[in-house]
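Descriptive structure summary
Here are the chains, one letter per residue:
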Amino acid sequence: MEVKKSPKADLERKSPLFLSIGYVVTLALVLFAFEYGFKDDEDIQNFGAMNESVEETIDIPITEQPPPPPPKIQQPEIIEVPDEEEIEEDIEVDLDVEIDEETVIEEVQFEAEPVEEEVEQVFTIVEESASFPGGMDAWYQFLKKNLNYPSQARRMGIEGRVYVQFIVSKTGQLSDIKVVKGIGGGCDEEAVRVLKESPRWKPGKQRGRPVIQKMTFPIMFKLQ
């Protein structure tokens, strides 16, 4: 009885498959061998490049240069000045003017400097004010005798005070008499006239000394 082989146990039918597997394994081994060899070469080349770079980066010691020499200090030159020579020769001076014993030398006259006039201070407020001699009662009596009521002011019925400003000097004289506030009707002119005929006043005093004072004084005009 002939024994027949099972078609599954026939190896010849699977030989192409085994041959393909063998080719694949062989190719894989060859590629692995080549790749390993190239890696070693690259490592060797990289190692050589690293050695070269290490050699190139070696620090070169800096050579110290000597400092520049200090500048030379020039000593000041001492120049000897020779002593002044005495002049033994006489110096002759020629003058155009002949001077005799009878010649009279005129004295040089210098012009006197102009004396600046001191401007005396005019006070408005002083310790002791200027006043009419005899006081206010004497002043009213003086006005009663010397003051004339202007006829124009009488006709117009003008009454009031005329304020007059004036300067009392150190000797009591009145000057610069003028009306600062008037009422008209001829009363302003009459007030100025009366003050011009006034006797000297007692001057104002500052620290016990007479001074110039500017005053403003009212003169009353009233109809009776």
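Just so we're clear, the structure is a prediction, and the values are computed from it rather than from any experiment.

1. Regarding the layout of surface pockets
Estimates place the volume of the largest pocket at around 560 Å³. If you trace the largest pocket, you find 18 residues lining it, with Leu143, Lys144, Leu147, Met220 and Lys222 closest to the centre. Secondary structure elements with two or more residues in the lining of the largest pocket: α2 (135-146) and β5 (209-221). By residue class, the composition of the lining of the largest pocket is 12 nonpolar, two polar and four charged.

2. Considerations on helix α4 (residues 187-196)
Each α-helix turn comprises 3.6 residues. Residues three or four places apart therefore point the same way. Of all 10 residues in α4, seven are buried; the element is thus mostly enclosed. Every buried residue of α4 is accounted for by Cys187, Asp188, Glu190, Ala191, Val192, Val194 and Leu195. Here the buried face of α4 lies against α2, α3 (151-156), β2 (160-168), β3 (174-181) and β5.

3. Considering the pattern of salt bridges
Where charged atoms from two side chains of opposite charge approach closely, those side chains can pair. Per the counting criterion, the structure on display carries three salt bridges. Between arginine 193 and glutamate 190 there is a salt bridge; the shortest N-O distance is 2.4 Å. Remark: glutamate 190 and arginine 193 occur in helix α4; sequence separation between them is three residues, near one turn of the helix. The partly exposed category is assigned to arginine 193, whose relative accessible area is 27%. Judged by relative accessible area, glutamate 190 falls into the buried class, the value being 12%. For arginine 193, the salt bridge identified is with glutamate 197, shortest N-O distance 2.9 Å. Counted as one network, the salt bridges with shared partners bring together Glu190, Arg193 and Glu197.

4. Points about the nonpolar core
Counting residues in each nonpolar core, the largest one holds 25 residues, and the members touching the most others are Trp139, Val164, Phe166, Leu195, Trp201, Ile219 and Phe221. Other than its neighbours up to four places away in sequence, tryptophan 139 contacts Phe132, Leu195, Trp201, Phe217 and Ile219.

5. Description of unusual backbone geometry
Residues other than glycine seldom take positive phi values, yet aspartate 176 does so here, at roughly 50 degrees. Looking at where aspartate 176 falls in the secondary structure, it is placed in strand β3. Here the phi dihedral of arginine 207 falls at roughly 55 degrees; this positive angle occurs in a residue that is not glycine. Secondary-structure assignment places arginine 207 in the loop between β4 (204-206) and β5.

6. With respect to a nonpolar patch on the surface
Where nonpolar side chains cluster on the molecular surface, the patch consists of Leu17, Phe18, Ile21, Val25 and Leu29 and spans about 500 Å² of accessible area. Residue placement: phenylalanine 18 occurs in helix α1 (residues 15-56). Classification of phenylalanine 18 as exposed rests on a relative accessible area of 52%.

7. Here we look at α2
The terminal C-alpha atoms of α2, which comprises 12 residues, lie 17 Å apart, in line with the 16 Å expected from a rise of 1.5 Å per residue. For α2, the complete set of buried residues consists of Trp139, Phe142 and Leu143. Buried residues of α2, viewed axially, fall in a sector of 95 degrees; they line one side. Seen from the open side of α2, the exposed residues pointing more than 90 degrees away from its buried face are Asp137, Lys144 and Lys145.

Conventions we followed
- Residues numbered from 1 in each chain as written.
- Predicted model: local features only at pLDDT ≥ 70, side-chain atom pairs only at ≥ 80, totals over all residues.
- Heavy atoms only, no water.
- 1 Å grid on protein atoms, 1.4 Å probe; cavity = no way out; pocket = protein on both sides within 12 Å on 5 of 7 lines; lining within 4 Å.
- Points joined across faces, edges and corners; volume = space filled by probe spheres on them.
- Helix = DSSP H or I, 4+ residues; strand = E, 2+ residues; numbered from the N terminus.
- Nonpolar A, V, L, I, M, F, W, Y, C, P; charged D, E, K, R; others polar.
- Buried < 20%, exposed > 50% of the residue type's maximum accessible area, 1.4 Å probe, protein only.
- Contact = heavy atoms within 4.5 Å.
- Salt bridge = Lys/Arg side-chain N within 4 Å of Asp/Glu carboxyl O.
- Core = buried A, V, L, I, M, F, W, Y, C linked by side-chain atoms within 4.5 Å.
- Patch = residues over 30% accessible without salt bridge, like charges linked within 9 Å, V, L, I, M, F, W, Y side chains within 5 Å.
- Areas by Shrake-Rupley, 256 points an atom, 1.4 Å probe, with all protein chains shown as cover.
- Expected span 1.5 Å × (residues − 1).
- Arc of directions from axis to C-beta.

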